[in-house]
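What follows is the residue order along each chain.
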Amino acid sequence: MKTLIAFCTRYGATESTSEEIATVLRDEGFDVRVVNTKKEKLKDISEYDLVLVGAGMQMFRWCKESDKFLNKFQKDFREKKTAIFVSSGAKAILEYDGQTSEMEENWQKYLVEKTEKYSINPVALGMFGGVWDYNKMSFVFKKTMGPFRMKLEEVGIKEVAPGVFDTRNWDEIRNWARDLAEKVR
Ligand SMILES: Cc1cc2nc3c(=O)[nH]c(=O)nc-3n(C[C@H](O)[C@H](O)[C@H](O)COP(=O)(O)O)c2cc1C
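Right, let's walk through the structure included here. Please read these numbers as outputs of a predicted model, since none were measured by experiment.

1. Details of the site of the ligand
No. 1: Near the ligand lie 21 residues; those nearest to it are Thr 9, Arg 10, Thr 14, Ser 88 and Val 131.
No. 2: Take Ser 87: an N or O atom from its main chain is 3.4 Å from an oxygen atom of the ligand.
No. 3: Listing elements by their share of the shell around the ligand, those giving two or more residues are α1 (13–27), β3 (50–58) and β7 (131–133).
No. 4: Ranked by residues supplied to the shell around the ligand, first place goes to β3 with 3 residues.
No. 5: Taken together, the residues of the shell around the ligand sort by class into 11 nonpolar, 9 polar and 1 charged.

As structure tokens, this is what we get:
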């Protein structure tokens, strides 16, 4: 099955998550191409049977090229199998604090509402963790997001490099990709 993973990232998490999903799908026999939509503007996606769209979250918003991508290829999606996933740095904190209603709201807002907006019927939706990289943040964001560092430490998220906190659960991501492979076969 020819598969495209089109992702948009600001801090890099959605890229490495996309690569991991690609590895799992390749192991399952899929022919996968991974494209960074900020760097490469695709003109045509007709050759793909399965298209995954991945977006990083920032300030309650998707990385905007993912919206542009869905908008541009909206019609193509009707004839394809599709899946959408987001990288959410807030997810681990909400889970830790037991904020289930906020998590449900985010699922609705960042995933379900997008499928409605672009009239697509995805086989899978995924919300994964993200990366808080204080080295890549602007001066203002570094200050605003400063208090989160303590919260991340409280949640038990380890600093993987100085100033970098990775909240992803790789098993969750790999299992999601394996389930997706099952569903679309
Ligand atoms: C300024 C800023 C704002 C953020 N806002 C949100 C947010 O509203 N919701 C969320 O879940 N995560 C938020 N995050 C965490 C990001 O989702 C996390 O960095 C994720 O890895 C972004 O995806 P990317 O690495 O592919 O860009 C924010 C991070 C920064 C630096």
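2. Points about the sheet that holds β7
No. 1: Taken together, the 3 strands give an open sheet; going across it, the order is β7-β9-β8, and neighbouring strands pair in antiparallel fashion. Either end of the sheet is taken by a strand with one partner, and the two such strands are β7 and β8 (159–161). In this sheet, neighbouring strand axes are inclined to one another by 30 degrees on average, regardless of whether the strands run parallel or antiparallel.
No. 2: Here β7 pairs with strand β9 (residues 164–166) via 3 bridges, running antiparallel. What sits directly across from Asp 133, in β9, is Val 164.

3. Observations regarding the nonpolar core
Soluble globular proteins tend to pack their nonpolar side chains together in the buried interior.
No. 1: In terms of nonpolar packing, the biggest core is built from 22 residues, with Leu 4, Ile 45, Trp 62, Phe 69 and Phe 77 touching the most fellow members.
No. 2: Breaking this core down by element, the ones donating at least two residues are β1 (2–8), β3, α2 (64–72), β5 (81–87) and α5 (100–117).
No. 3: The leading source of residues in this core is β3, at 4 residues.
No. 4: Contacts of Phe 77, omitting those with residues within four sequence positions, involve Ile 45, Val 51, Val 53, Phe 69, Leu 70, Thr 82 and Ile 120.
No. 5: Membership of the second largest hydrophobic core comes to 19 residues, among which are Val 24, Leu 52, Ala 83 and Ala 181.

4. Structural notes on α1
No. 1: Taking 1.5 Å per residue as the helical rise, α1 with its 15 residues ought to reach 21 Å, and the 21 Å between its terminal C-alpha atoms agrees with that figure.
No. 2: Where α1 is concerned, the buried positions are Ala 13, Thr 14, Thr 17, Ser 18, Ile 21, Ala 22, Val 24 and Leu 25. Buried residues of α1, seen end-on, are gathered within an arc of 165 degrees and therefore sit on one face of the element.

Cut-offs applied
Counting starts from 1 at the beginning of each chain's written sequence and moves along it residue by residue. Confidence filtering applies because this is a predicted model: local features only for residues at pLDDT of at least 70, side-chain atom pairs given and counted only at 80 or more, and all residues used for totals across whole chains, interfaces and linings. Hydrogens are left out, water is left out, and the side-chain values use all remaining heavy atoms of the structure. We call a residue near a given molecule or strand whenever any one of its heavy atoms falls within 4 Å of it. Polar contact criterion, stated in full: a pair of N or O atoms within 3.5 Å, where within protein one must be able to donate a hydrogen and the other to accept it, and residues adjacent in sequence count only if both atoms are side-chain atoms. Per the convention used, a helix needs a DSSP run of H or I reaching at least four residues, while a strand needs a run of E reaching at least two, with both numbered from the N terminus. For this scheme, ten residues count as nonpolar: Ala, Val, Leu, Ile, Met, Phe, Trp, Tyr, Cys and Pro. Four count as charged, namely Asp, Glu, Lys and Arg, and the remainder, Gly too, count as polar. The pairing criterion is simple: DSSP has to find at least two bridges between the two strands. To get an axis, a line is fitted to the C-alpha atoms, and for a helix only the part in contact is used. The angle between two axes follows their N-to-C directions and goes from 0 to 180 degrees. What is meant by a nonpolar core is a set of buried Ala, Val, Leu, Ile, Met, Phe, Trp, Tyr and Cys residues, joined one to another through side-chain atoms within 4.5 Å. Burial classes: relative accessible area under 20% of the type maximum marks a residue as buried, over 50% as exposed, and values in between as partly exposed (1.4 Å probe, protein chains only). By definition in these notes, contact holds between two residues if any of their heavy atoms fall within 4.5 Å. Given the number of residues in a helix, its expected span is that number minus one, multiplied by 1.5 Å. Each C-beta atom gives one direction from the helix axis, and the arc is the one those directions make.

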